[in-house]
Amino acid sequence: NGLEMSLNDYTKLGWLTVQIICFPCLGYFLEYRVKLEKPKKALLGIWGLNILLIGLTCYLTYRKIVLTGECNEFVSQQFHEYFVLVNCVAVFLTVKYLFKNRTLPKMVEKVILSVAGCCFGIYIIHIIIRDLDEKVGIYNSLIRHGVEGLLAAFLFSAVIFVISYVVIFAVRLIPGMKKLI
C-alpha cells in the first residue's frame, strides 16, 4: 500500500495528509463556515459523541491487549488516532463558543499569542526533546520521587511543552527565523 510506505511513522503519506492538510482545512471550515444556530445543544452533542468515541477507543484498546497479550506504546495508541478528529472539533468549537464575545486581559492575550506563534516549532521539536529524556531522565526522576505514573506522565508532558516553547521562543529571536517557525 503506497499510503503506508515511509522511512518512519512521521513520514507516512496518510499521517502527513491528515496532520498537514486535513486538520488546518478543518480549522478553517470550523472558524469561517460553521455557524452554530443552537450552540449549547450542538456542543453537548459533539461532546457526547466525543466521550462515546473515547470510550470506544478504550474498549478497543482493552480488547486488543486481552487478545494479543501485548501492552506497549503502539498497542495503547493504535485506536486513538481514529477518533482524535472528533476531539479536535469538540475542543475547537467549545473554545470558540466560550471566548466568542470576550476580551482577555492584555497579559493573558500576549502569552496566548506568544505560545500560538510558537506552536508549529513546538510541534516539530517536542519529539526531539522528549527523546533526549533518555539521557536526562526527567520522567524516571519523577517516578523515583514518588509521583504516580499518570501524574508523572502529565508533568513530563508539561515540562516537554515548556522546554520546547522556550527553545522555539529563543530561536524565533534570531533574525529571519520567525518567518520559518
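Throughout this document, residue positions are counted from 1 along each chain, in the order its sequence is written. Given that this is a predicted model, residues contribute local features only at a pLDDT of at least 70 and side-chain atom pairs are listed and counted only at 80 or more, while totals for whole chains, interfaces and linings are drawn from all residues. Hydrogens are left out, water is left out, and the side-chain values use all remaining heavy atoms of the structure.

**Student:** Mind showing me how you'd approach the packing of aromatic side chains here?
**Tutor:** Each aromatic ring pair is described using two quantities: the centre-to-centre distance and the angle formed by the ring planes. Only Phe, Tyr and Trp rings take part, Trp by its six-membered ring, and two of them pair if their centres are within 6.5 Å. Stacked means planes under 30 degrees apart, edge-to-face means over 60, and tilted covers everything else. Applying the stated criterion across every chain yields a total of three aromatic pairs. A centroid spacing of 5.0 Å and a plane angle of 45° characterise the contact between Tyr28 and Tyr32, whose relative ring orientation is tilted. Remark: Tyr32 and Tyr28 occur in helix α1 (residues 13-32); sequence separation between them is four residues, near one turn of the helix. For the exposure calls, accessible area comes from a 1.4 Å probe over protein chains only, and a residue counts as buried if that area is under 20% of its type's maximum, exposed if over 50%, partly exposed in between. Taking relative accessible area as the criterion, Tyr32 reaches 51% and is therefore assigned exposed. Pairing Tyr165 with Phe169 gives two aromatic rings, centres 5.8 Å apart and planes at 40°, and the pair type is tilted. With Tyr165 and Phe169 both in helix α7 (residues 149-172) and four residues apart, this pair spans about one turn of that helix. Labels follow the DSSP assignment, with helices taken as runs of H or I lasting at least four residues and strands as runs of E lasting at least two, numbered in each case from the N terminus.

**Student:** Sorry, what's going on with the packing of helix α2 (residues 39-68) against helix α4 (residues 80-98) here?
**Tutor:** Each pair of packed helices gets described by two things: the angle between the helix axes and the distance between those axes. Fitted lines through C-alpha atoms give the axes, limited to the stretch in contact for helices. The angle between two N-to-C directions lies from 0 to 180 degrees. Running from amino to carboxyl end, α2 crosses α4 at an angle of 155°, the nearest separation of the two axes being 9 Å. When the axis of α2 is compared with that of α4, the two are roughly antiparallel. In the crossing of α2 with α4, the sense of the turn from one axis to the other is left-handed. Judged by residue contacts, Pro39, Lys40, Leu43, Ile46, Trp47, Leu49, Asn50, Leu53, Leu56 and Thr57 of α2 engage His80, Phe83, Val86, Asn87, Val89, Ala90, Val91, Leu93, Thr94 and Tyr97 from α4. Residue polarity follows a fixed list, in which Ala, Val, Leu, Ile, Met, Phe, Trp, Tyr, Cys and Pro are nonpolar, Asp, Glu, Lys and Arg are charged, and the others, Gly among them, are polar. Considered class by class, the residues forming the contact of α2 with α4 number 14 nonpolar, five polar and one charged. Roughly parallel means an angle under 35 degrees; roughly antiparallel, over 145; roughly perpendicular, 65 to 115; everything else is oblique. Crossings are sorted by hand: turned counterclockwise from the far helix by less than a right angle, the near helix makes the crossing left-handed, and turned clockwise it makes it right-handed. The contact definition used throughout considers only heavy atoms, calling two residues in contact when any of these lie within 4.5 Å.

**Student:** Please clarify how the layout of surface pockets should be interpreted in this entry.
**Tutor:** Unfilled space is identified by rolling a water-sized probe across the atoms. Only protein atoms enter the 1 Å grid used here, on which a cavity is any set of points holding a 1.4 Å probe that cannot leave and a pocket is any open set flanked by protein within 12 Å on both sides along at least five of seven lines; residues with an atom within 4 Å of a point are listed as lining. Grid points are joined across faces, edges and corners, and a volume is the space filled by probe spheres set on the points. Of the voids in this model, the second largest pocket is the one considered here, and its volume is about 200 Å³. Along its surface, the second largest pocket is lined by Leu30, Val34, Lys35, Leu36, Pro39, Leu93, Lys96, Tyr97 and Lys100. For the lining of the second largest pocket, the element with the highest residue contribution is α4, accounting for three residues. Looking at the lining of the second largest pocket residue by residue, the classes come out as six nonpolar, no polar and three charged.

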